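# A structural walkthrough
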Amino acid sequence: MRRRLPAVALALGITLALLAAAPALAAGYRYWSFWDGSAGGRWSYATQGPSMARPADGAVQGFRFSVSKDAAAQAAQPRAAADFEAVCGTTAPTEGTKRVALVIDFGVPQDAPAGDVPPEAAPRTACAQVAPEATTAEALASVAKPLRYNSAALLCAISGYPRQGCGDQVAESSAAPEPSAAPESGGGPSAGLLAGIAAVAALAAAGIWQSRRRTR
């Protein structure tokens, strides 16, 4: 039993280190999320990218720029309802085309990259009238140029926003960081991790000392 004390102390210390480091290791991403509109004005996280999705006439597609997790339950939704009539109700159908209602939410200033600001405070809506086989990306390009993509076809900017960056990883906190907050250091270990390592060392040393003391 006495010989196991150092190992127990070390295991406990490692657990504390991981718990202390967890907030620093957790991360979100700054990106444009893509949403499908559904009945009742609700949004659901799209299962296809905008360059692959081919919405039908009467569809509603949404985009939201924010800092959030890349997951349906944790990504920020557009702040306007998915309402086709509100966006395209005054656009008459035309033979050989389809109407796609688009909701483009540039997000809040707290989520903007350093030195950039959302071009519009409220979500923008537009009714794209495009060819029947057009993708959502083509519908978006018809009303919100310029668009920017990266080499992996990830949508990086709508109407030129943001000016740079694409799906950048950022430190996560319980609330969006204020623009004046100091940036996270990317070069060294976090304070939580250092505290955890110190706890490992202290507990391991105490366990070894106690084990040797009892064997004398």
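Residue numbering note: each chain is counted from 1, following its sequence as written. Thresholds applied to this predicted model are a pLDDT of at least 70 for local features of residues and 80 or more for the giving and counting of side-chain atom pairs; totals over whole chains, interfaces and linings are not thresholded and use all residues. With hydrogens and water excluded, all non-hydrogen atoms of the structure serve as input to the side-chain values.

The subject of this paragraph is the overall build of the protein. Numbering of helices and strands runs from the N terminus, with a helix taken as a DSSP run of H or I at least four residues long and a strand as a DSSP run of E at least two residues long. Scanning the protein from N- to C-terminus turns up four helices and eight strands. Its helices and strands in sequence order give the protein the pattern α-β-β-β-α-β-β-α-β-β-β-α, from N to C terminus. A simple rule labels every residue: compare its accessible area, found with a 1.4 Å probe on the protein chains alone, to the largest value its type can have, and call it buried under 20%, exposed over 50%, or partly exposed in between. Looking at the protein residue by residue over its 216 residues, the buried ones come to 33%. Contacts are assigned to residue pairs with any non-hydrogen atoms lying within 4.5 Å of each other. Restricting the contact set of the protein to residue pairs at least 6 apart, pairs at least 24 apart contribute 68%. In this description, accessible areas are obtained by the Shrake-Rupley approach with a 1.4 Å probe, and a residue is regarded as covered only by the protein chains that are shown. Element-wise, carbon and sulfur atoms account for 57% of the exposed surface of the protein, whose accessible area totals about 12400 Å².

Time to look at the confidence of the model for the protein. pLDDT measures the predictor's confidence residue by residue and takes values from 0 up to 100. Across the protein, pLDDT averages 78, with 66% of residues at or above 70. The low-confidence segment residues 8-26, where pLDDT is below 50, has 23 contacts with residues more than four positions distant or belonging to other chains. Confidence drops under a pLDDT of 50 for residues 174-205, and excluding neighbours within four residues, the segment shows 26 contacts in the predicted structure.

This brings us to the pattern of salt bridges. Salt bridges are defined by distance alone: a side-chain nitrogen of Lys or Arg within 4 Å of a carboxyl oxygen of Asp or Glu. Inspection of the entire model under this criterion finds five salt bridges. Asp-57 is the salt-bridge partner of Arg-99, the closest N and O atoms lying 3.8 Å from each other. Taken together, the positions of Arg-99 in strand S4 (residues 98-105) and Asp-57 in the loop between strand S2 (43-45) and strand S3 (59-68) put the pair 42 residues apart, joining distant regions of the chain. Given the relative accessible area of 44%, Asp-57 is considered partly exposed. In this structure, Arg-124 and Glu-120 form a salt bridge, with 2.7 Å as the shortest nitrogen-oxygen distance.

Looking now at the side chain of Thr-136. Note on placement: Thr-136 falls in helix H3 (residues 136-141). Between N or O atoms, a polar contact is any pair within 3.5 Å; within protein, one atom must be a potential hydrogen donor and the other a potential acceptor, and residues adjacent in sequence are included only when both atoms are from side chains. At 2.6 Å, the side chain of Thr-136 and the side chain of Gln-61 are in polar contact. Dropping the residues within four chain positions of it, Thr-136 is found in contact with Phe-34, Pro-50, Ala-53, Pro-55, Gln-61 and Phe-63.

Time to look at the state of the cysteines. We call a pair of cysteine sulfur atoms a disulfide whenever their separation is within 2.5 Å. Applying the stated criterion to the full structure yields two disulfides. Each sulfur of the disulfide joining Cys-88 and Cys-127 lies 2.1 Å from the other. Taking the sign of the S-S torsion, 115 degrees for the link of Cys-88 and Cys-127, the bridge is right-handed. With Cys-88 in helix H2 (residues 84-88) and Cys-127 in strand S5 (residues 124-130), this pair connects stretches of sequence that are 39 residues apart. Each member of the pair, Cys-88 as well as Cys-127, is classed as buried. A sulfur-sulfur separation of 2.0 Å characterises the disulfide bridge that pairs Cys-156 with Cys-166. On the sign convention where negative is left-handed, the bridge of Cys-156 and Cys-166, at about -75 degrees about the S-S bond, is left-handed. Residue Cys-156 is found in strand S7 (residues 155-157), and its partner Cys-166 is found in the loop between S7 and strand S8 (168-171); the two are separated by ten residues along the sequence. Judged by its relative accessible area of 3%, Cys-156 falls in the buried class.

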